[in-house]
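# Geometric and topological summary
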Amino acid sequence: SAAGGATRARAVVNGTSVAGRAPILHFVDTCSPEQALQINEAITKFVVGCGLSFSTVESPFLKDLLQVCRPAFIAGDHLRRRQWFSTTGLDALHADVKARLQQRFESSSSTRFVTLAADGFKTETGRKVVNFTEQVGSAVAFKDFIVCGEAHEDAAFYKRELVNQLESKPLLSWCSVVADNAGYMRAALEEVENEYRGLLYYGCVAHLLDLLCEDFGKILKPIIDDVEFVINFVISHERLNSLFLRLKGAHGRGLRSFPDSRFGYAYEMIESLSLNMTILKMLLDPAHATEWKQATTNKSKKPIAQLARFRALVGNVDFSDVLTCVLEVLRPVASALRFVEGDSVSLSFFYPLFLAIVADLEVWDSTPIDEYLLPRYPRSGRALTVQGELRIALENRWKGSGKLVALFHPVHLFAYLLNP
């Protein structure tokens, strides 16, 4: 009848069946076990590729999304549990990626030029893990990992692990080994080099450039301490920070600190302060006296002393000039560090980088820094200018001196000669 047709039409439009039966979309949409597996594998790739927690798969919002995209997948209870994604799904993804990369490696004309790299880190729970990667041309792939556990991390330990990785494929496949510059790792590389001749062994250049930034930072430490103080003073006082953000508005870069383990990012901290000095000077306006109360309400003398130091630094015209001068000398190294941490970096880049830094130091004038430091921070009678100290620090880091690991390696010059 006409009434019955209308009811069925409304049922189709609303996505529901007549008389309380299951939604009609369940009869229209289907999801085979093979399709369900593909969807779960795609979810695994999404979670891992985006660096998300495996708990994401338990999110009701993800289920809502899947319900809209593929109703039968949810209705059929095909969404796997968290345990499956972190074990079976992850293992399958790893095997698939490894097979694809192996195929790419084998099809490359550089099959016999594979680089093994090793780097360690600590997890959030404090466990020490070492990752191994292999690279052919611009393609880099995860190879293996080890959890150090109760093993004593010394040269013998890392030598054994490096040898295990090298012997996992024909030795003629390898061309070089790269690792971090810790003392025990460098000792391990030397021992492996004595046994496996014909391979190149050198330290991570990104790590060495960060160490060069730290070498420069030790000379410029009083200034960097002042920068950290000003930034932390603003950030740690709620009213003052709110006022700063209001004056800055939505545009421009905010104040930044840097992690102690990555000194190369000190440049970004100093730059953030330099760019905001005009706004910070506005904070000293008497019209904003109310915002300063929080910094001086404590009865101890420390907050008052900090306030005086902040006013002295921000109100000092020479301090702004010094920041500009420091940025000029740190910019080449910091830029190079960011560059080498990217993809497709050629070894031929590092030798001209050194030449460029030397050239910059030759024309760089450290007079503003010298005049700023000498009356405030006595330098124990040292006659060298900051420029002279930086030049010596650069030379020592390039060649290596005492316990300083050398940035230079013959492979850098060789690569530059082949690809200038």
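Details of the structure are given in the entry above.
The following refers to the structure shown. (Residues numbered from 1 in each chain as written. Predicted model: local features only at pLDDT ≥ 70, side-chain atom pairs only at ≥ 80, totals over all residues. Heavy atoms only, no water.)

## Things to note about the overall build of the protein chain
- Counting secondary structure elements, the protein chain contains 20 helices and five strands.
- For the protein chain, the proportion of contacts with a sequence separation of at least 24, taken over those separated by at least 6, is 65%.
- Approximately 23800 Å² of the protein chain is accessible, and the part contributed by carbon and sulfur atoms is 56%. (Helix = DSSP H or I, 4+ residues; strand = E, 2+ residues; numbered from the N terminus. Contact = heavy atoms within 4.5 Å. Areas by Shrake-Rupley, 256 points an atom, 1.4 Å probe, with all protein chains shown as cover.)

## Thoughts on the pairing of strand β4 (residues 174-179)
- Most of β4 is tucked away: five of the six residues are buried.
- By the bridge criterion, four bridges tie β4 to strand β5 (residues 200-203) in an arrangement that is parallel. Considered in β5, the bridge of Val177 is made with Tyr201.
- A crossover connection joins β4 to the parallel β5 through helix α8 (residues 183-195); in handedness this β-α-β unit is right-handed. (Buried < 20%, exposed > 50% of the residue type's maximum accessible area, 1.4 Å probe, protein only. Pairing = 2+ DSSP bridges. Right-handed = clockwise from strand over helix to strand, strands pointing away.)

## Describing the nonpolar core
- If you look at the biggest cluster of nonpolar residues, it comprises 67 residues, and the most contacted ones within it are Leu273 and Ile369.
- When residues of this core are assigned to their parent elements, the largest contribution, 13 residues, is made by helix α16 (residues 317-340).
- Core analysis: the next-biggest nonpolar cluster, separate from the first, contains 23 residues, Val136, Ile146, Val163 and Tyr196 among them. (Core = buried A, V, L, I, M, F, W, Y, C linked by side-chain atoms within 4.5 Å.)

## Remarks on the pattern of salt bridges
- According to the stated counting rule, one finds 13 salt bridges in the structure shown.
- We note a salt bridge from Arg309 to Asp226, for which the minimum N-O separation is 2.9 Å. Here Arg309, found in helix α15 (residues 301-314), pairs with Asp226, found in helix α10 (residues 221-236); they are 83 residues apart in sequence, far enough to count as distant.
- We classify Asp226 as buried; its relative accessible area is 2%. (Salt bridge = Lys/Arg side-chain N within 4 Å of Asp/Glu carboxyl O.)

## Remarks on a nonpolar patch on the surface
- Side chains of Phe142, Phe145 and Val147 sit close together on the surface and give an oily, nonpolar patch of about 260 Å² of accessible area.
- By secondary structure assignment, the location of Phe142 is in strand β3 (residues 139-147).
- The exposure class assigned to Phe142 is partly exposed, which follows from its relative accessible area of 37%. (Patch = residues over 30% accessible without salt bridge, like charges linked within 9 Å, V, L, I, M, F, W, Y side chains within 5 Å.)

## Remarks on the packing of helix α9 (residues 205-219) against helix α19 (residues 386-399)
- Direction vectors running N to C along α9 and α19 enclose 155 degrees, while the axes themselves pass 10 Å from each other. In terms of their interaxial angle, α9 and α19 are classed as roughly antiparallel. Judged by the twist between their axes, the crossing of α9 over α19 is right-handed. For the pair α9 and α19, contact is made by Leu208, Leu211, Leu212, Asp215, Phe216 and Ile219 and by Val386, Glu389, Leu390, Ala393, Leu394 and Arg397, respectively. (Axes fitted to C-alpha atoms, helices over the stretch in contact; angles between N-to-C directions. Parallel < 35°, antiparallel > 145°, perpendicular 65-115°, else oblique. Left-handed = near helix turned anticlockwise from the far one by under 90°.)

## Quick word on the sheet that holds strand β1 (residues 114-122)
- On the basis of which strands lie adjacent, the open sheet formed by five strands has the order β3-β2-β1-β4-β5 and mixed pairing. Lying at the two open borders of the sheet, with one neighbouring strand each, are β3 and β5. The average angle at which neighbouring strand axes cross in this sheet is 20 degrees, direction not considered.
- In terms of strand pairing, β1 meets strand β2 (residues 128-136) through nine bridges, oriented antiparallel. When the bridges of β2 are listed, Lys122 appears paired with Lys128.
- Docked against the sheet, helix α7 (residues 155-166) engages β1, β2, β3 and β4, running at close to 35 degrees with respect to β2.
- Running over the sheet, α8 touches β1, β2, β4 and β5 and is turned about 175 degrees from β5.

## A short note on the pairing of β1
- Linking β1 to β2, which pair antiparallel, is a turn of five residues; within it Gly126 sits at a positive phi near 90 degrees.
- Here β1 runs beside β4; their pairing, made up of five bridges, is parallel. What sits directly across from Ala118, in β4, is Ala179.

Distances and angles like these do not, on their own, reveal function.
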